[in-house]
Amino acid sequence: MMKSVASAAGPAKNGGTVTIETVADILERELKHVIAEWLMRVEKESDLMHIPLNHDERTGHLPRLIHDVISRLRLDAGTKAPVSKAAAEHGDLRHAQGYTVAMMVEESRLLQVSLFTTLHQNVKQLEFSALLPDVVTIADEVDAQLKEQMLRFMAADKVERAKGK
């Protein structure tokens, strides 16, 4: 939903207009950048890096989780968001990979930071009237995803304990 408007900040390089985008459009366009930002942050966390994973094992879940955030941003106001199946699968995956609850919370926190950093880097293209409600929606969706991940993680943990592992 991009539109061209005259820049209130003055003329742009392209002749006086800037492209204004929704938060969802920016996140969709910058998907690979968000993942790279997230991975850069994760690689600085020794507690996350002590589990040896290749690039796909570490980041493979992110496109689906971020697409769920983008889909949530595009829902009509008042529409109930569906539970993220990608988040549930991610909870199972991280449990199998040996993560702890704290590690998953940290990954989720870093995802929010990466999403918001990407928006900040694209501030000149942002549709400001929707920015704060969209930031609230992003935080709510990422937290809802984390809840779903934790539910599946704890269920897998309970099954494992019942089997005596």
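The structure displayed is predicted, hence computed values, not measured ones.

**Q** Provide a residue-level description of the overall build of the protein chain, including the pertinent values.
**A** The helix and strand tally for the protein chain stands at eight helices and two strands. Listing every helix and strand of the protein chain by position from the N terminus yields β-β-α-α-α-α-α-α-α-α. Expressed as a percentage of the 165 residues in the protein chain, the buried residues total 42%. For the protein chain, the proportion of contacts with a sequence separation of at least 24, taken over those separated by at least 6, is 72%. Of the accessible surface of the protein chain, which amounts to about 9400 Å², a share of 58% is contributed by carbon and sulfur atoms.

**Q** I'd like a description of the confidence of the model for the protein chain, backed by residues and values.
**A** Chain-level statistics for the protein chain give a pLDDT mean of 89 and a share of 90% at 70 or above. Model confidence for the protein chain, summarised as mean pLDDT per element, is weakest for strand β1 (residues 3-6) at 38 and strongest for helix α2 (residues 31-42) at 98. The low-confidence segment residues 1-11, where pLDDT is below 50, has 22 contacts with residues more than four positions distant or belonging to other chains.

**Q** So what about the packing of helix α5 (residues 62-73) against helix α6 (residues 85-96)? Which residues, and what values?
**A** Viewed as axis vectors pointing N to C, α5 and α6 meet at an angle of 150°, and their least axial separation amounts to 9 Å. Classified by the angle their axes make, α5 and α6 are roughly antiparallel. Considering only the axes of α5 and α6, their crossing is left-handed. Between α5 and α6, the residues in contact are R64, L65 and D68 and K85, A86, A87, E89 and H90, respectively.

**Q** Account for the packing of aromatic side chains, with residues named and values stated.
**A** Across all of its chains, the model carries zero aromatic pairs by this definition. Positioned above the aromatic ring of Y99 is the side chain of R94, whose terminal nitrogen or guanidinium carbon lies 4.5 Å from the ring centre.

**Q** Please give an account of the nonpolar core that cites residues and values.
**A** Within the largest apolar cluster, 32 residues are counted, with the highest numbers of intra-cluster contacts made by V23, L27, I66, Y99, L111, L115 and I138. Looking at this core, the elements that each hand over two or more residues are α1 (23-29), α2, α5, α7 (101-121) and α8 (131-162). Setting aside its immediate chain neighbours within four residues, I138 contacts V23, L27, V69, L73, L115, F116 and L119.

**Q** Pulling in residues and values, what's your account of the pattern of salt bridges?
**A** As enumerated under the stated definition, the model contains twelve salt bridges in all. R64 serves as the salt-bridge partner of E89, at 2.5 Å between the closest nitrogen and oxygen. Placement of E89 in helix α6 and of R64 in helix α5 is noted, with a sequence separation of 25 residues between them. Overall, R64 belongs to the partly exposed group, its relative accessible area being 41%. One network of salt bridges, with partners in common, ties together E21, R29 and E30.

**Q** Quick rundown of α2? Include the residues and the values.
**A** Between its terminal C-alpha atoms α2 stretches 17 Å, which fits the 16 Å expected from twelve residues at 1.5 Å a residue. Here the buried face of α2 lies against α1, α3 (46-49), α4 (55-59), α5, α6 and α7.

Calculation criteria
- Residues numbered from 1 in each chain as written.
- Predicted model: local features only at pLDDT ≥ 70, side-chain atom pairs only at ≥ 80, totals over all residues.
- Heavy atoms only, no water.
- Helix = DSSP H or I, 4+ residues; strand = E, 2+ residues; numbered from the N terminus.
- Buried < 20%, exposed > 50% of the residue type's maximum accessible area, 1.4 Å probe, protein only.
- Contact = heavy atoms within 4.5 Å.
- Areas by Shrake-Rupley, 256 points an atom, 1.4 Å probe, with all protein chains shown as cover.
- pLDDT = per-residue confidence, 0-100.
- Axes fitted to C-alpha atoms, helices over the stretch in contact; angles between N-to-C directions.
- Parallel < 35°, antiparallel > 145°, perpendicular 65-115°, else oblique.
- Left-handed = near helix turned anticlockwise from the far one by under 90°.
- Phe/Tyr/Trp six-rings, centres within 6.5 Å; stacked < 30°, edge-to-face > 60°.
- Lys NZ or Arg CZ within 6 Å of the ring centre and 35° of its normal.
- Core = buried A, V, L, I, M, F, W, Y, C linked by side-chain atoms within 4.5 Å.
- Salt bridge = Lys/Arg side-chain N within 4 Å of Asp/Glu carboxyl O.
- Expected span 1.5 Å × (residues − 1).

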